[in-house]
Structures are given as structure tokens and as C-alpha cells.
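# Secondary and tertiary structure notes
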Amino acid sequence: MRLMRASCRRGTAACPIRNCDQRGWKAEQPAGRWGGAGRPAPTRQCSISGVLPPSLPAMAHAARLLAALAALLAAAATGDARPSKIAVVGAGIGGSAVAHFLQQHFGPRVQIDVFEKGTVGGRLATISVNKQHYESGAASFHSLSLHMQGFVKQLGLRHRREVGGRSAIFNGENFVLEETDWYLLNLFRLWWHYGISFLRLQMWVEEVMEKFMRIYKYQAHGYAFSGVEELLYSLGESAFVNMTQRSVAESLLQVGVTQRFIDDVVSAVLRASYGQSAAMPAFAGAMSLAGAQGSLWSVEGGNKLVCSGLLKLTKANVIHATVTTVTLQPTEGKPLYRVRYEDEAGTGSDSYDIVVIATPLHLDNSSTIAFEGFDPPIDVVQGSFQPTVVSLVHGYLNSSYFGFPDPKLFPFANILTTDFPSFFCALDNICPVNISASFRRKQPQEAAVWRVQSPQPLLRSQLKTLFRSYYSVQTAEWQAHPVHSPHTPLPRFTLHDQLFHLNALEWAASSVEVTAVAAKNVALLAFNRWYQDLDKIDQKDLVHKVKTEL
């Protein structure tokens, strides 16, 4: 949900925090949820233009060349051969991205086995409705998702054409905020209801994003971090670490955002993205709110094409099996790990030099993978995940429930909710993953495909509340995000010498791009540890160190 399309001293419509073409920082105000019709924006040098890479394809090509050269130099300096076999557990965006990055660093001769018990893509998935496919997992990405942008360009995929629609926030009785087609009127409504809270929120989010974007430069220089706390500290020092221990509401109140704005707007955005409230930690909340302010995009044909494309590009060996045990084998020198798995044919096992766990280790406090032979035992964060149910309903919306007896007059394609009603978090009139040039969004009185996000499966009575009638209902239930809590300790990526947990970072913030950042970090961590390049791990004061290297 794109909020607060306003200009202020620290951010205008030309600022890349919200709209960035990644070439000259000259952007056009897009049509958006609170932006109204597009309008030209002034050219302005962004305050973080020195942080972001100016050319993503050139950066990716240079990174591949540098990685290959680094591998040769590291092998020559240490006398160590490259690993022969690497196991990746999970073929979602984390597993497919880390397989790609590992091959970049170690070279194409390394065998990479990717274990997946379900479908390639993980939480990037689609559902077929009436012979059309629709996103049922992560639906879109932020314009500053640089790793995802790089994957799409490298794979030759295209951005899906955006079909605009107006948004509103519903509190169970009426709409507390409605988007119009007029940009200035949207600004006036925000100011009239909430004063300058939307500007203060914007400035707070931009400050966080400016620091977070440093990670791309650190990774381009080969730096990695063995724990989530070390990574956050390198980006924002103690301020970022403290943001994982205090709530969104507490942080925003401290910078002058009103409680009413938090209750009406911030909570609605967090419910739509995480299914959680403003009591969640501030760092995860800032990542979510950044997505609400930027232009969004998705992949033509489905976002899951990124995962399958990366695995095909890497020529990884995808094994459809459930990994049950990872055992440390007694060896001289570098350790070996025995991975045991179960598939339709029975059980099997194989040995690997490096193992990357790219799937949650704890769902409802029960480990899905056993670790044996480790002394001390492997310690992972105990925690639960937020269940999210996505229901794709093909039918006629009950606009009367939202205060519009005549469905022809219902103007919204996207509805977010505050804490009430509690049975659903967001409702969207969605488009298929393949959009033709002649495609148009269904009119309110026509049967359309609606995506309903809810914490629990919708009851028949709840479906009748939202829809006058419907042809079909198809659901997908996800353990979508960790239940973020200020009391959850920050886990480590490194579980053992060459055993890594990629999903550790989602305990600080959870999104597709954050997972891709974690994948790059783990690939660099494995590479640096394999060749004992310890100067590239957990370095402090990287802001000045990287400037010196430049």
C-alpha cells in the first residue's frame, strides 16, 4: 500500500527510497494507492545515491568476474581445493538464490544438490482459477529489491504490466481512509486526519532504508556476517539492534507519530504484510512500511519463475525429498556432513562439504531436521510462525458490507483493515500472472477473483459476509512469517564450521528480498570460511573501510 506521496526536506518524489529507476534517480510519480495519477517529479540528487549501485547488470557481471578471480586467488594462497559437493535444503527463493550465489563464488564444477519436499518456489506460488493463474504467495516486490531485480534481468524475465486500482482502510464499520484519483486531495486528507504524522513516518522509514541499503555495497566487496546481530550492527550500529527489541508503536511515538495514525494506517499495513500488530519489533515493521511507500512490481508469468530459473541457470540437481537428519562425520581436516533424506523410493543419504539450511528449522517449536554428532549440540532459535491463509474467491463482492448498497459505485480494488474486523486482514481484486495488452480489471458489479488474506480459514458465514455469491474458493495456508517479538533472541547464520542456516535473518525481518540478502550473505560466509579469509567476516566499521577500498 503506497502511502504518503508527499514532498519534504528529506525526501521528494524523486527520492529512490520510493521511486527509483536505478540509472539517474530521475523518477516519475507512479499511479499508486495513495499517489493518484502519475505526475512528473523534479530531478534531485538522492542522499543515498552513493550507496546504491548505478548499474545493476554491470554490477552483477563484475561480481561474477570478481568471485571467479577470488576463488582462484584463494585456492592458490591456501592450497585448498574447492568443495566437491554442496547441499541446500529448500528450493524457495532462499534455496534457489543461495545455490546461484554459491556457484558464482565456487565455480561451475561444484556439484550442488537442492532438496525440496514440496514444490520449487516455496512461498512464491500460484493457484489456478478458471484457467488463469494467480499469485497465492508473495504477490509483489519493492522497487529497491536489488537482488530480485538482478535475478529478473539475468534470467531474461519481464516485469508484469501494472493495472492500477484505488485502496482504502476499513475498520469494520466504515472506511477510515480512502484513496482518490487526485494526488493533492490524498495529501490533504492525510494531513486533515493525521497532521504531519505521515511525513514523520516517511522520514523514519527513509532513515532506516538508507542504512539498510549499505548491505549491497558490503556484499559487492565480499563481506559476510556469521550472525544476524553482527549484520544489523554493521548497517545501523546499536540503533538497528535496539530496533529488534522495541515495538513499532514505541519507536513511532518517539518520533512524533500520533497514536491515531498508528492505529488506523500503520496497523493496517502491518496486518496486510505480516498479519501482526504495531506491537511487533520496529526493524521488521520498518521493512514492511518501506514496501508500503514504494512502487511495486511483479514477474510476468509468476514470481515463482525466479526460483525455477535460478536453479536451471545453476544446473543444480533438484532432489524431491524430505531431509530428516544432518550428521557430522568424523574426519581429518575439513568436516563432512551426512545428509539423510526420505523420498517416494524410501530413504537415502549422501556426504557434503557444505550444507545450507534454507527452510525454517522450527515450526510451532518442533524441529523439522535433527542434528546429530555435534558437540556442543546445534542451538537454534525457538519460536513459532504466523499462520496465514490466502483464499482466492471467484465471485461477486458484497459491497453493502462496506457501505455501498449499489455495487456499481464501489470504487476500491484493495482493502486493508485495522484490528477490526478480525477475521480477515486484506482483500484485493487481483490480476492473473499473465496480463495481455487488452486486459482490464473487472468492474465492481462483475464476478472477479478476489484474494482474501486471513489468520484462519474463512468460515462459510464469513464468505457470505464478504461476497453476495461465488463460484469457487481455493485456499493456500502458509507458515508465512515468524511471530516477531521484541523478546526473541537474534540467531546465527553459522551453525557449525560449514553448516549454515539461511533463514536466520527472517527473525529480524521477513520478505523475499531480505531472504535474497541472507542467501548472498551465506554464500559469502561459506566461501570466506572455506578459504579462511577471516578478514571478510564480521568486520566492524565497514562504512569507512569500504570507502577506503574504493
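The name recorded for the protein chain in an unreviewed UniProt entry is Prenylcysteine oxidase 1 like, from Ovis aries.

## Considering the overall build of the protein chain
When helices and strands are counted, the protein chain shows 14 helices and 25 strands. The 550 residues of the protein chain split such that 57% are buried. Counting every atom, the protein chain has about 22800 Å² of accessible surface; 52% of that belongs to carbon and sulfur.

## Overview of the pairing of strand E13 (residues 336-343)
Note that strand E12 (residues 322-329) and E13 share seven bridges and pair antiparallel. Bridge pairing links Thr-322 to Glu-342 in E13. Hairpin connection between E12 and E13: a loop of six residues separates the two successive antiparallel strands, and Gly-333 in this loop has a positive phi of roughly 80°. One ladder, built from seven bridges, connects E13 with strand E14 (residues 346-352); its direction is antiparallel. Across the sheet, the residue bridging to Glu-342 is Thr-347, located in E14. Between E13 and E14, which pair antiparallel one after the other, the connecting turn spans two residues.

## A few points about the packing of aromatic side chains
Applying the stated criterion across every chain, the model contains 29 aromatic pairs. With a centroid separation of 6.3 Å and an interplanar angle of 75°, the aromatic rings of Phe-371 and Phe-374 are classed as edge-to-face. On the basis of an interplanar angle of 45° and a centroid distance of 5.9 Å, the ring pair of Phe-402 and Phe-410 is categorised as tilted. Overall, the relative accessible area of 2% leaves Phe-402 in the buried class. Three or more aromatic residues joined by ring pairs make a cluster, and in this case those are Phe-170, Phe-175, Tyr-401, Phe-402, Phe-404, Phe-410 and Phe-412. Between Lys-334 and the ring centre of Trp-530, over which it is positioned, the NZ or CZ distance is 4.5 Å.

## Examining unusual backbone geometry
Here the residue pair Asp-375 and Pro-376 is connected by a cis peptide bond, since its omega of 5° sits within 30 degrees of zero. Position of Pro-376 among the secondary structure elements: in the loop between strand E18 (370-372) and strand E19 (385-397). Looking along the chain, the bond that leaves Phe-420 and enters Pro-421 is cis, with omega of 0°. Even without being glycine, Asp-538 reaches a positive phi, approximately 55°. If you trace the backbone, Asp-538 turns up in the loop between helix H13 (512-530) and helix H14 (542-549). Given the relative accessible area of 27%, Asp-538 is considered partly exposed. One non-glycine residue with positive phi stands out, namely Asp-541, at about 55°. Counting through the fold element by element, Asp-541 comes out in the loop between H13 and H14.

What counts as what
- Residues numbered from 1 in each chain as written.
- Predicted model: local features only at pLDDT ≥ 70, side-chain atom pairs only at ≥ 80, totals over all residues.
- Heavy atoms only, no water.
- Helix = DSSP H or I, 4+ residues; strand = E, 2+ residues; numbered from the N terminus.
- Buried < 20%, exposed > 50% of the residue type's maximum accessible area, 1.4 Å probe, protein only.
- Areas by Shrake-Rupley, 256 points an atom, 1.4 Å probe, with all protein chains shown as cover.
- Pairing = 2+ DSSP bridges.
- Phe/Tyr/Trp six-rings, centres within 6.5 Å; stacked < 30°, edge-to-face > 60°.
- Lys NZ or Arg CZ within 6 Å of the ring centre and 35° of its normal.

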